[in-house]
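Okay, here's what each chain looks like letter by letter:
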Amino acid sequence: MVVLKSTREIEAMATAGRITAQILKEMGEIAKPGATTYDIDQFAASRCKDLRVKAAFKGQYGFPASVCISVNEEVVHGIPSKKRVLKEGDIVGCDFGVIIDGWYGDSARTFGVGKINTEAEKLLKVTEESLFKGIEMCTVENRLFDIGHSIQNYVESFGYSVVREFVGHGIGKSLHEDPQVPNYGPKGKGIPLKSGMVLAIEPMINVGGAQVRVLKDGWTAVTVDGSLSAHFEHTIAITDAGPRILTTLG
Ligand code: MG
Ligand code: MG
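Remember, it's a predicted structure, so these values are computed and weren't measured experimentally. In every chain, residue numbers begin from 1 and rise along the written sequence. All chains are assigned letters beginning at A, and all ligands numbers beginning at 1, according to the order in which they are written. It should be noted that, the model being predicted, local features are given only for residues of pLDDT at least 70 and side-chain atom pairs only at 80 or more, the latter also being counted only at that level, while totals for whole chains, interfaces and linings use all residues. Side-chain metrics rest on all non-hydrogen atoms present in the structure, leaving aside hydrogens and water.

Peer 1: What is the right way to read the environment of Gly 159 from this model?
Peer 2: Here Gly 159 shows up in the loop between α4 (144-156) and β8 (161-162). For the pair Gly 159 and Ile 201, spaced 42 residues apart in the sequence, the C-alpha separation amounts to 21 Å. A run of DSSP states H or I qualifies as a helix once it reaches four residues; a run of E qualifies as a strand once it reaches two. Both are numbered from the N-terminal end.

Pasting the structure below:
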């Protein structure tokens, strides 16, 4: 069941989105050579405390940290660690959200650590652009799979692959609501998009093949072929005036 949100509820979600965006942006400034993924997670946890908000992922399905941090060939759901020291040239995906008054925000960005090579640079650019290709489709004229179709079409034109095992989702008073929002699919299919739907759209894009596997820690998903992977995500509201990005500094 897809829960539609009122204008007032969307405003409340925009507050959660704005704080999510703020802390995520600050994480990018921490993600320098020599920092550990644990440092980034601790920073986010302390900012949540300062701002009196709750980190959305801590304890969700038993996840042990505030931020999912996935480096290089790690796709999503990486667990922050004191042993994972970032080095020049790495790319680090930070997936993060907060809860305010029961409303969730959810967003992800992949940052370059120091100077990164041109292949990594291009992957980050194309993945972020693909997110916006998906967001552009979030209008009441379109259907659900138009979002993924647009993302898939764009990234495959660069020879990249769309991860299939993980998808975007509805979001609201829960982190994961209906519908699932795949980053691939047939044009013109799926449920009609409606004003009041709030969706987290989150392409996970690999330089190599689409296949992923989960490490023995039970969380970290990596590319099977070891190729680089990037992840960008925004929470957006569908309105009669078009898509509104909620996870933005505004
Ligand atoms: Mg996320
Ligand atoms: Mg999400």
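Peer 1: Could you clarify how one ought to interpret the coordination of the magnesium ion (ligand 1) in this entry?
Peer 2: Six octahedral donors around a metal ideally subtend angles of 90 or 180 degrees, whereas four tetrahedral donors ideally subtend 109.5 degrees. Around the magnesium ion (ligand 1), the donor atoms from the protein are Asp 95 (OD), Asp 95 (OD), Asp 106 (OD) and Glu 233 (OE), and they sit 1.9 to 2.8 Å away. Because no water is among the atoms considered, metal sites can look incomplete, with donors defined as N, O and S atoms within 2.8 Å of the metal, or 3.2 Å for Na, K and Ca. Sequence spacing of the donor residues for the magnesium ion (ligand 1), all on one chain, is D-x10-D-x126-E. Here the magnesium ion (ligand 2) and the magnesium ion (ligand 1) are spaced 3.1 Å from one another, each receiving a donor from Asp 106. Here Asp 95 is found in strand β4 (residues 91-96), whereas its partner Asp 106 is found in the loop between β6 (103-104) and β7 (107-112), with eleven residues between them in sequence. Comparing Asp 95 with Asp 106, the two get one shared label, buried. Burial classes follow relative accessibility: with a 1.4 Å probe on protein chains only, a residue under 20% of its type's maximum area counts as buried, one over 50% as exposed, and anything between as partly exposed.

Peer 1: Mind showing me how you'd approach the state of the cysteines here?
Peer 2: Simply put, the disulfide is a covalent bond whose two ends are the sulfur atoms of two cysteines. By disulfide we mean two sulfur atoms from cysteines, separated by a distance within 2.5 Å. Inspection of the entire model under this criterion finds zero disulfides. In this structure Cys 48 is not part of a disulfide, and its nearest cysteine sulfur, from Cys 94, lies 13 Å away. Taking the relative accessible area as the measure of exposure, Cys 48 reaches 3% and is therefore buried.

Peer 1: Looking at this structure, I do not really get empty space enclosed by the protein. What am I missing?
Peer 2: Think of a 1 Å grid over the protein atoms and nothing else: a 1.4 Å probe that fits but is trapped marks a cavity, an open set flanked by protein within 12 Å on at least five of seven lines marks a pocket, and residues with an atom within 4 Å of a point count as lining. Grid points are joined across faces, edges and corners, and a volume is the space filled by probe spheres set on the points. Counted under the stated rule, the structure contains one cavity of 30 Å³ or more. In terms of lining residues, the largest cavity is bounded by Cys 68, Ser 70, Val 75, Val 76, His 77, Gly 93, Cys 94, Asp 95 and His 231. Looking at the lining of the largest cavity, the elements that each hand over two or more residues are β2 (68-71), β3 (74-76) and β4. At three residues, β4 tops the list of elements feeding residues into the lining of the largest cavity. Polarity classes work like this: nonpolar for Ala, Val, Leu, Ile, Met, Phe, Trp, Tyr, Cys and Pro, charged for Asp, Glu, Lys and Arg, and polar for all others, with Gly in that last group. Across the lining of the largest cavity, the residue classes tally to four nonpolar, four polar and one charged.

Peer 1: Is there a simple way to think about the environment of Ala 44 in this case?
Peer 2: With respect to the element layout, Ala 44 can be found in helix α2 (residues 37-50). Separated by 24 residues in sequence, Ala 44 and Thr 20 place their C-alpha atoms 9.8 Å apart. Residues are treated as being in contact if the distance between any of their heavy atoms lies within 4.5 Å. Excluding its chain neighbours within four sequence positions, the residues that come into contact with Ala 44 are Ile 23, Met 27, Val 67 and Phe 96.

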